[in-house]
Amino acid sequence: MRILFMGTPDFAVASLKRLVADGHDVCAVFTQPDKPKNRGMKMIAPPVKEYALTENIPVYQPLKMKDGTALALVQSLEPELIVVAAYGRILPEDILNTPKYGAINVHSSILPKYRGAAPINWAILNGDAVTGVSIMYMAPELDAGDVILCRETAIDPDEDAVTLTTRLAELGAEALSEAIGQIENGTVVRTVQDHAAHTYAPMLDKSLSPLDFTHPARQLHDQVRGLVPWPSASMVLAGKPVKIHRTAVGEATDAPAGTVVTADK
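For the structure given in this document, a descriptive report is provided here. Quick caveat, the model's predicted, so the values are computed rather than measured.

**Here's the deal with the overall build of the chain**
Moving on, step 1. Summing up its helical and strand segments, the chain has seven helices and 11 strands in all.
Moving on, step 2. For the chain, the spread of C-alpha atoms along the three principal axes comes to 65 × 45 × 30 Å.
Moving on, step 3. Considering the chain as a whole, with its 265 residues, one finds that 45% of them fall into the buried category.
Moving on, step 4. Nonlocal contacts in the chain, meaning residues at least 24 apart in sequence, comprise 66% of its contacts between residues at least 6 apart.
Moving on, step 5. Surface exposure of the chain reaches about 14,200 Å², of which carbon and sulfur atoms provide 54%.
Moving on, step 6. Taking the average place of the 24 positive charges on the side chains of the chain and the average place of its 31 negative ones, the gap between the two points comes to 8 Å.

Below is the structure:
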């Protein structure tokens, strides 16, 4: 199938790799513009762009999606299907409706739970035991389209957002391959979401970082896991701010919150 892929971070690379491995004609990739990073502010390409170039797939990085330029480009590419995975841009309806088979999205939650930008993080922050991926048709409303299929996976109690993202990327790639197969052979089934049951997973910010030691240990542990690698959980120790990257739930203690019970070198 002739496919236009849209994605940006590492999570999306797994899906793009699967499309290539499955033998699809990936006619082009849309991804976010390069961004300056680190102290030298060197321009860094998104992971999806880096991989696409190794496969000689044309890469486009439109700055706007609603001024008609992106639509004209999509129309000129003549894709049969648009596949989106963590692109980071809202697609206007005229672009969604351009391909013969429409546009589908690889979303990292079991919809309608956790629509929005940070579903993986919020599943951990909320202490969920299970999460997964959904392949859905895209709609003008955020993550509200009909679902093609879902795949679940357990969340390890000590797993952080980085590790879970890697696992869900691979699970999403497998689910995407299956969904496209259903589209190709005409067996795809569209399931309307229960919109009244949806929850929202907003973008993370630094206001989520401070640890409140009046909360249970497990809740704090989930906070640390869910905020890796950014914005990171934080606390004040000896008057100085400290970022917390990893924790373990210990045994009960009578020591006041914030006490250093033991410390090695």
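That shown, we press on.
**With respect to the packing of helix H1 (residues 10-21) against helix H6 (residues 161-185)**
Moving on, step 1. Where H1 contacts H6, the two axes come as close as 8 Å, and the packing angle between them is 35 degrees. For the element pair H1 and H6, the recorded crossing hand is right-handed. Each of Phe11, Ala14, Ser15, Arg18 and Leu19 in H1 lies in contact with H6, whose residues at this interface are Thr165, Leu168, Ala169, Glu170, Gly172, Ala173, Glu174, Leu176, Ser177 and Ile180.
Moving on, step 2. A class-by-class count of the residues in the contact of H1 with H6 yields eight nonpolar, four polar and three charged.

**Some remarks on the pattern of salt bridges**
Between side chains of opposite charge, pairing is possible as soon as their charged atoms come close.
Moving on, step 1. Taken as a whole, this structure holds eight salt bridges when the rule is applied.
Moving on, step 2. Salt-bridge contacts for Asp34 lead to Lys49; the nearest nitrogen and oxygen are separated by 3.2 Å. Of this pair, Asp34 sits in the loop between strand S2 (25-30) and strand S3 (35-37) while Lys49 sits in helix H2 (residues 47-54), and the two are 15 residues apart along the sequence.
Moving on, step 3. Taking the relative accessible area as the measure of exposure, Lys49 reaches 14% and is therefore buried.

**Focus on the packing of aromatic side chains**
Moving on, step 1. Here the structure, examined in full by the defined rule, presents one aromatic pair.
Moving on, step 2. Between Phe30 and Tyr60, the ring centres sit 6.0 Å apart and the planes meet at 65 degrees, which makes this aromatic pair edge-to-face. Of this pair, Phe30 sits in strand S2 while Tyr60 sits in strand S5 (residues 59-60), and the two are 30 residues apart along the sequence.
Moving on, step 3. By relative accessible area, Tyr60 is classed as partly exposed at 29%.
Moving on, step 4. Over the aromatic face of Tyr137 sits the side chain of Arg190, whose NZ or CZ is 3.8 Å from the ring centroid.

**Side note on the pairing of strand S1 (residues 2-7)**
Moving on, step 1. Within S1, five of the six residues are buried, which leaves it mostly tucked inside the rest of the structure.
Moving on, step 2. With five bridges connecting them, S1 and S2 associate as parallel partners. In the sheet register, Arg2 faces S2, and the bridge partner there is Asp25.
Moving on, step 3. Handedness of the crossover joining S1 and S2 through H1: right-handed.
Moving on, step 4. Here five bridges tie S1 to strand S6 (residues 81-85), and the two strands are oriented parallel to one another. Bridging across to S6, Leu4 finds its partner in Ile82.

**Some words on the side chain of His24**
Moving on, step 1. Structurally, His24 is set in the loop between H1 and S2.
Moving on, step 2. Classification of His24 by relative accessible area gives buried; the value is 13%.
Moving on, step 3. Within polar-contact distance, the side chain of His24 engages the backbone nitrogen of Met1 at 3.3 Å.
Moving on, step 4. With residues up to four places along the chain from it excluded, the contact list for His24 reads Met1, Ile3, Leu19, Ile180 and Glu184.

**Topic: the nonpolar core**
When a protein is soluble and globular, its nonpolar side chains tend to lie buried together.
Moving on, step 1. Ranked by size, the top nonpolar core spans 47 residues in total, and within it Phe5, Leu16, Val83, Ile104 and Ile135 carry the most contacts.
Moving on, step 2. Broken down by element, this core gets its largest block of residues, 11 residues, from H6.
Moving on, step 3. With sequence-adjacent residues up to four places away left out, Val83 is seen in contact with Ile3, Leu4, Phe5, Met6, Leu19, Ile104, Leu176 and Ile180.
Moving on, step 4. Ala28, Val74, Tyr87 and Leu96 belong to the second-largest nonpolar core, a separate cluster that totals 17 residues.

Cut-offs applied
- Residues numbered from 1 in each chain as written.
- Predicted model: local features only at pLDDT ≥ 70, side-chain atom pairs only at ≥ 80, totals over all residues.
- Heavy atoms only, no water.
- Helix = DSSP H or I, 4+ residues; strand = E, 2+ residues; numbered from the N terminus.
- Buried < 20%, exposed > 50% of the residue type's maximum accessible area, 1.4 Å probe, protein only.
- Contact = heavy atoms within 4.5 Å.
- Areas by Shrake-Rupley, 256 points an atom, 1.4 Å probe, with all protein chains shown as cover.
- Lys, Arg positive; Asp, Glu negative; His and termini not counted.
- Charge placed at Lys NZ, Arg CZ, Asp CG, Glu CD.
- Axes fitted to C-alpha atoms, helices over the stretch in contact; angles between N-to-C directions.
- Left-handed = near helix turned anticlockwise from the far one by under 90°.
- Nonpolar A, V, L, I, M, F, W, Y, C, P; charged D, E, K, R; others polar.
- Salt bridge = Lys/Arg side-chain N within 4 Å of Asp/Glu carboxyl O.
- Phe/Tyr/Trp six-rings, centres within 6.5 Å; stacked < 30°, edge-to-face > 60°.
- Lys NZ or Arg CZ within 6 Å of the ring centre and 35° of its normal.
- Pairing = 2+ DSSP bridges.
- Right-handed = clockwise from strand over helix to strand, strands pointing away.
- Polar contact = N/O pair within 3.5 Å; in protein donor to acceptor, adjacent residues only side chain to side chain.
- Core = buried A, V, L, I, M, F, W, Y, C linked by side-chain atoms within 4.5 Å.

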